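What follows is the residue order along each chain.
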Amino acid sequence: RNKKKGKVPKTIGRDACLHAGFCASVPQPPTITHQSPKDYIIDPRENIIIHCEAKGKPHPSFSWTRNGTHFDVEKDSKVIMKPNSGTLVIDISGEKAEAYEGVYQCIARNEHGSALSNNIVIRQSRSPLWSKERIEPITVQRGMSLVLQCRPPAGLPPPIIFWMDNNFQRLPQNSRVSQALNGDLYFSNVLMDDNRNDYICYARFPHTQTIQQKQPITVNVLDTMNDTVLAAFLNGSDFWGDSPSGERAPTFMQPPGMHSTSMVLKGDTLQLECIADGLPTPDISWSKVNGDLPSGRFSFHSFQKTLKITEVTDADGGDYRCLARNRLGSNHHIITVVVRAAPFWISAPQNLILAPKESGMLTCRADGNPKPTVTWSVNGIPIENSHKDPSRKIENGNIILSDVQTGSSAVYQCNASNEYGYLLGNAFVSVLAEPPRVLTPPNHVYSVITNSRALLDCASFGSPLPKITCVVDGDLYIIHKNNTLEINVARPVHSGKYTCIASNSLGNKENHVYLEVKEPTRILRQPEYKVVQRNGMAEFECKVKHDPTLFPSMIWLKDNMELPDDSRFEVGSDSLTIHDVREDDEGNYTCIRNTTLDQDSASAMLTVVEQPDPPRDLELTDQREHSVRLTWTPGDENNSPIQLFLIQYEDSLHEPGVWVNMTEVSGTSTTAHLELSPYVYYSFRVLALNDVGLSEPSAPSRQYRTNPAQPEVNPSDVEVIGTSPDSITITWRELTGLESNGPGLQYKVSWRQKDVDQQWTSLPLANVSQYVVTGTPTFTPYEVTVQAVNEYGPGPSPEVVLGYSGEDLPTVAPENVKVYVQNWTLAEVSWDAVPLSTVQGRLNGYKVSYWKLRSLHKQDPEPKKPQELIFQGNETEGLLFGLHPYSQYNLNIRAFNGKGDGPTSSNQIFETPEGVPGPPADLKVENLNLDSLIVKWAPPVEHNGHLTGYLLKYQPINTTDKLGPLKELLLAANETSITLDNLKHSTRYKFYLNAKTVKGAGPTVTEEGVTIMDEAMTSKQVDIATQGWFIGLMCAIALLILVLLIVCFIKRNKGGKYPVKEKEDAHQDPEIQPMKEDDGTFGEYSDTEDHKPLKGSRTPSNGTVKKDDSDDSLVDYGEGGDGQFNEDGSFIGQYSGKKEKDTAEGNESSEAPSPVNAMNSFV
């Protein structure tokens, strides 16, 4: 670590050590730490406690003065001074508190000086009784002004005034009647309602919590000057007002005149009031002359009659205008505000710690209005009367100390006073010689979050003042004057050890601290805005990433308050779940993840939605014959905007209890114009729809009845259906009760034959929806109408509906039927259309029926079922698809209409020509011997003509599934097998076979076969295995292989070579690992090679070779696996380093191994 020394010329004040209490052994002059207020009003019922606490080293002793002379505490048994304290406790039981009133001052002293408290003025609180007086009734003429004086007894502190009646109810106040700041009750003008006998002024004294009551005041209000007024004069009653009063312009009652002055101290609260009389009651307004009222600090009270300004400054001085105005005129009063100030500190004297021979200065700067007088004392003695000190002098009100000496410590008092108060400040001068001390605890660990500011303290003390040297890395550091080291943006690289050194002439002190920079706490998955239906579930996530050494806690707030104490709120490790959500759960939810160093928070809103509340207050207005206006008041939309209102009606006349949807209006509407039908008893209700669903219905409106009228619509869906050749059926949809428009609803059904000069036949019907007209000609057009009629008249003219009477079956079969054969599967048929007059209805088309009679090649086992083609409308020709080749067919045709089919035409027989045959059946390939195969098949099921022969093709398939050369053979039609000789042994062949007619070859069938030994040959070879000579031969071979393996093993251990080794070196089999060079041992075969089964051997069920089996296979060393035995049984193959896998290796027989199988494996 590269070190950098940062020096600062100045450390923190040396008195910091004393104030912090770290340097308990350092001498210190006294310092007052707690004292009673300057003006101390006591409760005469309680003991008097006058506080005075101080600190110093050694601990100071205490004494008191009272009214400027020494107060001997020990001589007064009622006075006790607390131990190690200057606080006085005065027991006034049995004594009068007045005896202890006076001005007290506490002196705390030790060997290094004396400190003084403020002058504490002790006064007893007083709540004197109201002087007894007889209050005469006050008579006043209506409209005149009036003042009821309170004049409470002087108390300490002053009482709080309020006016009440005999029932202890506050008297009402307003712009006409109000209480002034001095407690008097002012009436701008008197009304007859002011006539009462219980105007009572109360004074509450806050210290003693007592309330004093003035005698009730009676006010008699007269309406006119009469004998009662004269009687009042004769009886000695006060009469308020000079003459009968009418309306008048405002004049000021308080303060009187046009101008007044008010003085206020800086920092206090200013209250200005203006109360005016006048009739009507004047309005009061305020403004500042040549300025504005102070923004944010003024307010109006007592119905604009009082202007209140808080925290008064010098700028608040000046003239203020209050304006009283009524309709008869206005008047104003100017109040000049003078701001004075008790003394206040500009720079209070500060404690000073100096080393011997050092210099310093005590300052005492105060201000006020008028300018305060500043005086100095030393240890409580005026400085001019104290002993002379050559190192001390006074210049411009400051005390300058130079070349101080040990033992010259003292406490200096600065007093700044004017007529409004005083300030007393103590400051000690302590002359010390102390070596440096570092006040920051050693090895302290500071932990901060990455990218935040790190502050490392190096608080020190010493006299002379120590110089601080900080040992830090890099340049991104700031060292403050108080020796705090600041890293503005802390990074993990800043973690480590930091050293600061404090030194002065008496020595030096070193301190080490450590900084740990942690990863910040961050919420990765913040809660998201949720809209949840009432009674649903809301879940907020709050997943956090944090430093692994910090353990964040999780706090959930709702609207910045703690979560309700409710079991429905489930707080998980990273989530908040609210079950069964209610309306009052709606709000802002905040997740706070706290660690000891930082926190992160995220918020999301929860909105609870549900169906709207039902509309209410349904009203019917603008009532007309066939319309009405419906208005309503929407219910609460419950946080989901209303999209529309659904208006329903009930017809209690026709369908009582059934509510029918009538219309919809937008969600912003609260009214709808409704078109009504006659003869309906309407009741309406409204439902609101939002995203959640429909509200409950509103309460029904009052019933609204419409008058009957003739029908406005006729029955709909009128149809004329011919159900039989001699009738028609007329059907319609009946009118609803709402559509009937009146009583006595009937249907006038009318009909006549079309295009015939014939009158309408009509029939009135009721409560039916169909009528059958009989005796009509077959399939004849008719015109029909259905009209609604009630007791008030017929409906509109009905529309004419056209229909036909019923159909009958066609009477004539199609003629001139012809068939044209196109090929062996397709034929064309044509016919002449039947006359329309014979159809007896609408001609729907023709049905062509055809079926196969027989095959021309052979007799079919059973005839085929007829097939039917339908040709729509007037078509007279068509195609027949999917015919069988070389077959005989029969065909006929008939016309059909809506009633059914007509007579069938005469049958037409036709034949299809020969076609290509179907595929040969049952193709098989059988093994005959090593180089021969027999191919067998059966003739095609479908000859489709006369067979002319077969085409056989075949080709070999090699081990890579590639096809060899193709050979073809033409065979006679009567052949069903063939033997193929001179084929390659152990070879797979693919065969292709087609049948042929004169039209060509049919579809091809394929099959595969292999030239291998059959079971007979295998049986013969198995018999060889029973011969003794073969068993001896196999044992000799096994013994030879074992000897060869032993020799190979011995030679390889000796490093020698043998033929197999040479071939292995030549071919470099990649499946054999190389020999280790360091110990000369054999490389091992890979697991893949080791687990390959021998050809022809039995493989275990798990697919691996047992470990006991031989790891070597002679076949693996054969050339391509083709090694064989010669006729005498000797092995004629040779070893080879190249190994080839048999393509059928994975499909070997699972039979037990035998000598024959072993031999077969070499073939």
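Quantities reported herein were computed from a predicted structural model and do not represent experimental measurements.

Cut-offs and rules
- Counting starts from 1 at the beginning of each chain's written sequence and moves along it residue by residue.
- Reporting in this predicted model follows two pLDDT cut-offs: at least 70 for local features of residues, and 80 or more for side-chain atom pairs to be given and counted; totals over whole chains, interfaces and linings ignore these cut-offs and use all residues.
- The side-chain numbers reported here are obtained from all heavy atoms of the structure, hydrogens and water having been left aside.
- Every helix listed is a DSSP run of H or I at least four residues long, and every strand listed is a run of E at least two residues long, numbered separately from the N terminus.
- Each residue is placed in one exposure class: buried if its accessible area under a 1.4 Å probe, protein chains only, is under 20% of its type's maximum, exposed if it is over 50%, and partly exposed if it falls in between.
- In this description, contact between two residues means that some pair of their heavy atoms is separated by no more than 4.5 Å.
- The Shrake-Rupley method, run with a 1.4 Å probe, gives the accessible areas here. Residue values count only the displayed protein chains as cover.
- In this description, a nonpolar core means a group of buried Ala, Val, Leu, Ile, Met, Phe, Trp, Tyr and Cys residues linked to one another through side-chain atoms lying within 4.5 Å.
- Between any two strands, at least two bridges found by DSSP are needed for them to pair.
- In this analysis an axis means a line fitted to C-alpha atoms, helices contributing only their contacting stretch, and an angle means the value between N-to-C directions, from 0 to 180 degrees.
- As a per-residue measure, pLDDT reflects the predictor's confidence and takes values from 0 up to 100.
- Without a salt bridge and with relative accessible area above 30%, a residue can belong to a patch; like charges are then joined within 9 Å and nonpolar side chains (Val, Leu, Ile, Met, Phe, Trp, Tyr) within 5 Å.
- Any carboxyl oxygen of Asp or Glu that lies within 4 Å of a side-chain nitrogen of Lys or Arg is treated as forming a salt bridge with it.
- Only Phe, Tyr and Trp rings take part, Trp by its six-membered ring, and two of them pair if their centres are within 6.5 Å. Stacked means planes under 30 degrees apart, edge-to-face means over 60, and tilted covers everything else.
- For a ring to carry a charge above it, either NZ of a lysine or CZ of an arginine must fall within 6 Å of the ring centroid while also lying within 35 degrees of the normal to the ring plane.

A few points about the overall build of the protein chain
(1) Moving on: Along the backbone of the protein chain there are eight helices and 88 strands.
(2) Moving on: Taken over 1163 residues, the protein chain has a buried fraction of 41%.
(3) Moving on: Once local pairs closer than 6 in sequence are excluded, the contacts in the protein chain between residues at least 24 apart make up 66%.
(4) Moving on: Surface exposure of the protein chain reaches about 62,600 Å², of which carbon and sulfur atoms provide 49%.

Here's the deal with the nonpolar core
(1) Moving on: Counting 30 residues, the largest nonpolar core has Ile50, Trp64, Ile90 and Tyr104 as its most contacted members.
(2) Moving on: Elements supplying a minimum of two residues to this core: β3 (39-42), β4 (48-50), β5 (52-57), β6 (61-66), β9 (88-90), β10 (102-110) and β12 (120-124).
(3) Moving on: Per-element tally for this core: the top contributor is β10, with three residues.
(4) Moving on: Excluding anything up to four places from it in sequence, Tyr104 contacts Ile50, Trp64, Thr65, Arg66, Phe71, Ile90, Asn118, Asn119, Ile120 and Ile122.
(5) Moving on: Of all hydrophobic cores here, the second largest spans 21 residues; its members include Met144, Leu148, Ile161 and Val190.

So, the sheet that holds strand β28 (residues 306-309)
(1) Moving on: In space, the three strands of this open sheet follow the order β24-β28-β27, with antiparallel pairing throughout. Two strands close off the open sheet at either side, each with one partner strand: β24 (270-273) and β27 (298-301). Going from strand to strand, the sheet's axes swing by 20 degrees on average, the running direction of each strand aside.

What about the sheet that holds strand β80 (residues 908-911)?
As a general point, the strands of a sheet are linked pairwise by backbone hydrogen bonds and lie either parallel or antiparallel.
(1) Moving on: Read across the sheet, four strands follow the order β77-β76-β79-β80 without closing on themselves; strand pairing throughout is antiparallel. Each edge of the sheet is formed by a strand with only one pairing partner; in this case those strands are β77 (867-872) and β80. Adjacent strand axes in the sheet meet at a mean angle of 25 degrees, parallel and antiparallel pairs treated alike.
(2) Moving on: As judged from the four bridges shared by strand β79 (residues 887-897) and β80, these two strands associate in the antiparallel manner. Residue pairing for β80: Gln888 is matched across the bridge by Glu911.

Quick look at the confidence of the model for the protein chain
(1) Moving on: Scored by pLDDT, the protein chain comes out at a mean of 84, with 85% of its residues at no less than 70.
(2) Moving on: Considering only residues more than four positions removed or in separate chains, one finds that residues 1-12, a stretch of pLDDT under 50, has 40 contacts.
(3) Moving on: Note on residues 1014-1023: pLDDT under 50 across the span, and six contacts to partners over four residues away in sequence or across chains.

Observations concerning a nonpolar patch on the surface
(1) Moving on: A surface patch of nonpolar side chains, about 640 Å² in accessible area, is lined by Leu1039, Leu1042, Val1043, Ile1046, Val1047, Phe1049 and Ile1050.
(2) Moving on: With respect to the helices and strands, the residue Phe1049 is situated in helix α5 (residues 1028-1053).
(3) Moving on: Judged by relative accessible area, which is 52%, Phe1049 ranks as exposed.

Concerning the packing of aromatic side chains
(1) Moving on: All chains considered together, the criterion is met by 21 aromatic pairs.
(2) Moving on: A centroid spacing of 5.9 Å and a plane angle of 55 degrees characterise the contact between Trp732 and Tyr747, whose relative ring orientation is tilted. Of this pair, Trp732 sits in strand β67 (residues 727-733) while Tyr747 sits in strand β68 (residues 746-753), placing them 15 residues apart in sequence.
(3) Moving on: Of the residues examined, Tyr747 reaches a relative accessible area of 2% and is grouped as buried.
(4) Moving on: In this structure, Lys847 is placed above the aromatic ring of Phe896, and the distance from its NZ or CZ to the ring centre is 4.9 Å.

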